[in-house]
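Given next are the chains, with one letter for each unit.
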Amino acid sequence: MCIRERGKEKPDWLSRALARAGAMPQDEADAAIKAGRVTVNGRVATTPLTPVPPDAVIKVDGHPVRKGAPTHVLAFHKPAGVLTSTARQHRTGTVFELLLPQLPLELNRFTWHAVGRLDVDTTGLLLFTNDDKLVAHATSPETNLPKRYVATVFSTADDAKVEPLRQGMMLDDGPARPAMVRVRDEHTVEVILTEGRHHQVKRMLGAVGLPARALHREAVGDITLDDIPEGGFRLLTDEEVREKLNYSGRD
Ligand code: URA
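It should be emphasised that the depicted structure is a prediction, and the values quoted were computed from it without experimental measurement.

Chemist: With reference to specific residues and values, describe the overall build of the chain.
Modeler: Looking only at helices and strands, the chain features eight helices and 18 strands. Oriented by its inertia axes, the alpha-carbon framework of the chain measures out at about 70 × 35 × 35 Å. Within the chain, the fraction of its 251 residues that count as buried is 46%. Look at the contacts in the chain between residues 6 or more apart in sequence, and 64% of them connect residues 24 or more apart. When the accessible surface of the chain is totalled, it reaches about 12,400 Å², and 53% of it is carbon and sulfur. Of note, the chain has its 34 positive side-chain charges centred 6 Å away from the centre of its 34 negative side-chain charges.

This is how it looks when you write it as structure tokens:
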């Protein structure tokens, strides 16, 4: 098991390698290693931080671990009132508290990462993946992956008011890229961004006198929520990951 970063391969560490391979989630891997159940090249590993060279043979309870787990992506319909946390260990009140109990055994073995964040009161599409390279791909502004939001706004929206968002406006943490904006009706504004800074949609709308009363994400890339019920999820196909998220793999 190895990971490639900025063109060079470096050893992974054991508990993360087990989680990436889908052998078990990282917290369970930590426990298994501490219990002496895991070997690397025939030697019992004593710490979760044991380096794992690319060609190492890892066994759990004597059974070899198949390396190179495929990338999986889940589309989750986030309801309001739950936090987007990045660590499954901090589950209470978070998206993980809703998502993890629903996963079938074959998916629950992975360590899941949220792909970006939604505010606690924002609803809609939140992706999860076992592939941290996909997180970087989907959240990097360089990838230009569009994220489509729809905001319900307090005051009356029209094209003149949203024009600064289309032009690219200055926010307090720097310039925002020009956004695609459509006024669907006087209280409903669609905003498509290719970057994702903290509270970005709310700040952009707030700056033109259209504070958001509610915010919902409808799409990431060409993935849409479709009929996933609030709190529910579906597993994307490999083709969707490739074609609709423009992601071609870990390497
Ligand atoms: N922009 C926001 O303001 N909030 C979100 O949750 C996502 C994008």
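Chemist: Account for the pattern of salt bridges, with residues named and values stated.
Modeler: Any two side chains of opposite charge can pair, on the condition that their charged atoms come close. As enumerated under the stated definition, the model contains 16 salt bridges in all. Here Arg 184 ties to Glu 218 by a salt bridge, and the two come within 2.8 Å at their closest N and O atoms. Taken together, the residues span a long stretch of sequence, with Arg 184 in strand E14 (residues 180-185) and Glu 218 in strand E16 (residues 212-220) at a distance of 34 residues. A residue is classified by how much of its surface remains accessible, and Glu 218, at 17% relative accessible area, is buried. Among the ionic contacts, a cluster of salt bridges with common partners joins Arg 148, Arg 182, Arg 184, Glu 190 and Glu 218.

Chemist: Can you lay out the domain arrangement of the chain for me, pointing to particular residues and giving the numbers?
Modeler: The accessible area lost on association of the parts is a frequent measure of interface size. According to the domain assignment, the chain contains domain 1 (2-64), domain 2 (73-140 + 224-244) and domain 3 (146-220). On a C-alpha basis, the centres of domain 2 and domain 3 stand 23 Å from each other. In this complex, domain 2 contributes 16 residues to the contact, which on the side of domain 3 involves eleven residues. Buried surface at the junction of domain 2 and domain 3, summed over both partners, amounts to about 1,000 Å²; 41% is from carbon and sulfur atoms. Across the contact surface, domain 2 and domain 3 share two salt bridges. The salt bridge involving Lys 202 is made with Asp 121; its shortest N-O contact spans 2.8 Å. Summed over the shared surface of domain 2 and domain 3, the number is nine residue pairs in polar contact (both at pLDDT 80 or more). Contributions of two or more residues to the side of domain 2 that touches domain 3 are made by strand E10 (123-129) and helix H5 (132-139). Top contributing element to the side of domain 2 that touches domain 3 by residue count: E10, with five residues.

Chemist: Can you explain helix H6 (residues 159-167)? Please cite residues and give values.
Modeler: Looking at where H6 begins, the residue whose side-chain oxygen comes 3.2 Å from the main-chain nitrogen of Ala 160 is Asp 158. One or two steps after H6, the chain reaches Gly 168, where phi turns positive at roughly 100°.

Chemist: Mind laying out the nonpolar core, listing which residues take part and the relevant values?
Modeler: Counting 36 residues, the largest nonpolar core has Trp 112, Phe 128, Leu 165, Val 189, Val 191, Met 204 and Leu 205 as the members making the most contacts within it. Secondary structure elements with two or more residues in this core: strand E8 (73-78), helix H3 (95-99), E10, strand E11 (147-153), H6, strand E15 (188-193) and helix H7 (200-207). Not counting residues up to four positions away in its chain, the partners in contact with Leu 205 are Ala 151, Val 153, Leu 165, Val 189, Leu 210 and Pro 211.

Chemist: Before we move on, could you go through the layout of surface pockets and cite the residues and values that matter?
Modeler: When its volume is computed, the largest pocket comes out at roughly 470 Å³. Lining the largest pocket are 27 residues, and of these Arg 117, Leu 118, Asp 119, Gly 196 and Arg 197 lie nearest its centre. For the lining of the largest pocket, the secondary-structure elements that each account for two or more residues are H5, E11, H7 and E16. If you count residues domain by domain, the lining of the largest pocket takes at least three from each of domain 2 (73-140 + 224-244) and domain 3 (146-220).

Chemist: Any details on the site of the ligand? Residues and values, ideally.
Modeler: The immediate surroundings of the ligand are formed by Leu 118, Asp 119, Thr 122, Tyr 149, His 199, Gln 200, Val 201, Lys 202 and Leu 215. At a separation of 2.7 Å, a nitrogen atom of the ligand approaches a polar side-chain atom of Asp 119. With respect to the ligand, the side chain of Thr 122 contributes an N or O atom lying 2.9 Å from an oxygen atom. Protein burial of the ligand: of its 240 Å² of free accessible surface, 95% is covered by the chains. Per-element accounting of the shell around the ligand gives the leading share, three residues, to H7.

Chemist: Mind laying out helix H2 (residues 26-34), listing which residues take part and the relevant values?
Modeler: Ala 29, Ala 32 and Ile 33 are the residues of H2 that are buried. Each buried residue of H2 sits inside an arc of 95° when the element is viewed along its axis, so together they form one side. Elements that come into contact with the buried residues of H2 comprise helix H1 (14-20) and strand E3 (38-40). Positioned one or two residues after H2, Gly 36 has a phi angle of 75°, which is positive.

Calculation rules
Residues numbered from 1 in each chain as written. Predicted model: local features only at pLDDT ≥ 70, side-chain atom pairs only at ≥ 80, totals over all residues. Heavy atoms only, no water. Helix = DSSP H or I, 4+ residues; strand = E, 2+ residues; numbered from the N terminus. Buried < 20%, exposed > 50% of the residue type's maximum accessible area, 1.4 Å probe, protein only. Contact = heavy atoms within 4.5 Å. Areas by Shrake-Rupley, 256 points an atom, 1.4 Å probe, with all protein chains shown as cover. Lys, Arg positive; Asp, Glu negative; His and termini not counted. Charge placed at Lys NZ, Arg CZ, Asp CG, Glu CD. Salt bridge = Lys/Arg side-chain N within 4 Å of Asp/Glu carboxyl O. Domains from an automatic or database assignment. Buried area = accessible area lost by both parts, 1.4 Å probe. Polar contact = N/O pair within 3.5 Å; in protein donor to acceptor, adjacent residues only side chain to side chain. Core = buried A, V, L, I, M, F, W, Y, C linked by side-chain atoms within 4.5 Å. 1 Å grid on protein atoms, 1.4 Å probe; cavity = no way out; pocket = protein on both sides within 12 Å on 5 of 7 lines; lining within 4 Å. Points joined across faces, edges and corners; volume = space filled by probe spheres on them. Near = heavy atom within 4 Å. Arc of directions from axis to C-beta.

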